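Observations on the model geometry
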Amino acid sequence: MSRIRPTFRAFQAPFRPTYPSPLFLRTNAPFRTYQQQRFGRGPQYKRFGSPSGGLAGLFFRWAARPTFYRDVGIITAGAGGVYVYNLEEVPVSGRRRFNIISPGLEETLGASTVEQVKEEYRGRFLPGHDPRVRQVKQVLERLLPYAEGEGLKNMDWEVHVIDSPEQNAFVAPGGKVFVFTGILPLCQNEDGIAAVLGHEIAHVVAHHTAERMSQAPLILIGVLALAMFDVSFYSGKMLVDLFLSMPASRKHEAEADYIGLMMMAQGCYRPEAAMEFWNRMEKTGQRGPPQILSTHPSNHNREEKIREWLPKAQEKAEASECAVTSQFVDQFSSAFGGFNRW
C-alpha cells in the first residue's frame, strides 16, 4: 500500500485568505502622533517646538521675518550712536562714562531721598549753634571752592548733623549734607572730617547717582533678553547684581576716594588723614564681607590705594595756596618756639 505525498515546494508561504479591510482602517493611517486630548480637567500635553507666545514667541516671529538682519543693524547703529553721543568725562579722574541724566534731573530725583531722611530723623537734628555743626560747616566752606570749580555751582548747600550713633555721612544731589554724630569720634579732628566730606562731595562732583540711573535701561534690556530663556528671572537678578550693584559701586567708591583726596589736599587739609581715617575704621572691626561680595572696597584696600595717591595729592597741595600757608605756619611756629626758649 503506497501513500501519495504532495510535491514539495520550497519556501511556499502558507495559504491565508484575504478579506477586504474595513473602511475605517483604510481611512485612518496606521502611523499617528499620539496626543492626549483634554477630557474634563485632565492635563494636556503639547509638543515642544518654537514658542508661540510671550517674549520668546515675539522674538522668534521677528527672527523669521526677512527684514530681521536689517532691523538688527538699524537698532544696533542707533543704540551705538546714542551711547557715543552721551559719553562724557568725569571731573578730576578723567574717566569716560555713559550718562543721559542731567544734573537738574538728578537733583530732582534726589530730593525724595532728602525728604525721607528728614522725616525719619525728625527731632534729632542738632541746632546750628552746636559746636559739631559749626565744625562741619567750617570744613565744608574750605572744600566748596574746589567742588564749585569742578562744576557744582549755584547749589543751595545745607548742613545737617544728626544726633545718632550711626557711623555714616552722605551728600545728596543738590548739596544737602548729612553727617551722623556717630562718625565724628572716628574723624577725630577737622582733617578727618575733611576726608569724609571730601569723599561724599566727590560723589556729587562725579554725578555717580546719574550714572547709575543711566545704566539702568541698559541693564533692563539685558534682563529682558534673559527673561525669554529663563522664566525664573534668576539670571536677570545675577546680571543686575554683577553689572549694576557690585562693580559699579566699588568703582564709584574708589573714584570718590581719589577725587575727595585731591579736594582736601587743595583745601589745605592733610591728605594722610584720609588714610588714617580708614585705618581707624578697619580697627573698629567693621570690615564687612569680602570685597568681591561687597558694594564697597574693603577698608584695607582703600587705605592702600590712598597711600598710592598721596604723591599726587601733595602735588595738588603745593600747586594751590596751601604751600604759602604752610610756610607762614612754619615761620609762625618757629618764632613762637624761639620765645619758648627764653
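Structural notes, computed from the coordinates. (Residues numbered from 1 in each chain as written. Predicted model: local features only at pLDDT ≥ 70, side-chain atom pairs only at ≥ 80, totals over all residues. Heavy atoms only, no water.)

**Some remarks on the packing of helix α5 (residues 131–148) against helix α7 (residues 190–205)**
When two helices pack together, you describe them by how their axes are tilted relative to each other and by the distance separating the axes. As a packed pair, α5 and α7 sit with axes 9 Å apart at the nearest point and diverge in direction by 45°. As the angle between them shows, α5 and α7 are arranged oblique. By crossing handedness, the relation of α5 to α7 is classed as right-handed. The segment α5 lies against α7, with Gln 135, Val 136, Gln 138, Val 139, Leu 140, Arg 142, Leu 143 and Ala 147 engaging Glu 190, Ile 193, Ala 194, Leu 197, Gly 198, Ile 201 and Val 205. Counted by class, the contact of α5 with α7 contains ten nonpolar, three polar and two charged residues. (Axes fitted to C-alpha atoms, helices over the stretch in contact; angles between N-to-C directions. Helix = DSSP H or I, 4+ residues; strand = E, 2+ residues; numbered from the N terminus. Parallel < 35°, antiparallel > 145°, perpendicular 65-115°, else oblique. Left-handed = near helix turned anticlockwise from the far one by under 90°. Contact = heavy atoms within 4.5 Å. Nonpolar A, V, L, I, M, F, W, Y, C, P; charged D, E, K, R; others polar.)

**Focus on the side chain of Thr 181**
One can find Thr 181 in the loop between β5 (176–180) and α6 (184–187). With a relative accessible area of 12%, Thr 181 lands in the buried category. Dropping the residues within four chain positions of it, Thr 181 is found in contact with Leu 126, Arg 132, Val 161, Ile 162, Asp 163 and Ser 164. (Buried < 20%, exposed > 50% of the residue type's maximum accessible area, 1.4 Å probe, protein only.)

**Brief notes about the sheet that holds strand β4 (residues 169–172)**
By way of backbone hydrogen bonds, the strands of a sheet pair with one another, either parallel or antiparallel. Pairing within the open sheet is mixed, and its three strands lie in the order β3-β5-β4. The open sheet terminates on both sides in strands that have one partner only, identified here as β3 (158–162) and β4. Averaged over all pairs of adjacent strands, the angle between their axes in this sheet comes to 15°, without regard to strand direction. Helix-sheet contacts for helix α4 (residues 103–120) involve β3, β4 and β5, and the interaxial angle to β5 is about 35°. (Pairing = 2+ DSSP bridges.)

**Focus: the packing of aromatic side chains**
What the rule picks out here adds up to seven aromatic pairs. Ring geometry for Tyr 83 against Phe 98: centres 5.1 Å apart, planes inclined by 15°, an arrangement best described as stacked. You can see Tyr 83 sitting in helix α3 (residues 68–85) and its partner Phe 98 sitting in strand β2 (residues 96–98), a full 15 residues away along the chain. Between Phe 170 and Phe 178, the ring centres sit 5.0 Å apart and the planes meet at 20°, which makes this aromatic pair stacked. Residue classification places Phe 178 among the buried residues on the basis of a relative accessible area of 0%. Of the aromatic side chains, those joined through ring pairs into one cluster are Trp 62, Phe 68 and Tyr 69. Seen from the ring of Tyr 269, Arg 142 lies directly overhead, with NZ or CZ sitting 3.8 Å from the centre. Cation over ring: Arg 302 sits above Trp 278, and NZ or CZ is 3.9 Å from the ring centre. (Phe/Tyr/Trp six-rings, centres within 6.5 Å; stacked < 30°, edge-to-face > 60°. Lys NZ or Arg CZ within 6 Å of the ring centre and 35° of its normal.)

**A few points about the pattern of salt bridges**
On inspection of all chains with the given rule, the structure shows 15 salt bridges. A salt bridge links Arg 122 to Glu 119, with the nearest nitrogen and oxygen atoms 2.5 Å apart. Among the ionic pairs, Glu 303 bridges to Arg 307, the shortest N-O distance being 3.5 Å. A residue pair is termed a helical-turn pair when its members lie 3 or 4 positions apart in one helix, as Glu 303 and Arg 307 do in helix α11 (residues 299–319) at four residues. (Salt bridge = Lys/Arg side-chain N within 4 Å of Asp/Glu carboxyl O.)

**Structural notes on the nonpolar core**
Within soluble globular proteins, side chains that are nonpolar tend to cluster in buried spots. Judged by nonpolar contacts, the single largest core of 52 residues is most densely connected at Trp 157, Leu 197, Ile 201 and Met 264. Ranked by the residues each element gives to this core, the list is headed by α7, at nine residues. Apart from the residues within four sequence positions on either side, Leu 197 is in contact with Val 136, Val 139, Leu 140, Leu 143, Val 177 and Val 179. Core analysis: the second largest hydrophobic core is formed by eight residues, Val 114, Val 117, Phe 170 and Ala 172 among them. (Core = buried A, V, L, I, M, F, W, Y, C linked by side-chain atoms within 4.5 Å.)

**So, unusual backbone geometry**
Of note in this structure, Gln 188 is not a glycine but carries a positive phi near 75°. Of the residues examined, Gln 188 reaches a relative accessible area of 56% and is grouped as exposed. Positioned with a positive phi, Cys 268 is a non-glycine residue whose angle comes to about 70°. Within the secondary structure layout, Cys 268 lies in the loop between α9 (234–266) and α10 (272–283). For Cys 268, a relative accessible area of 28% gives the class partly exposed.

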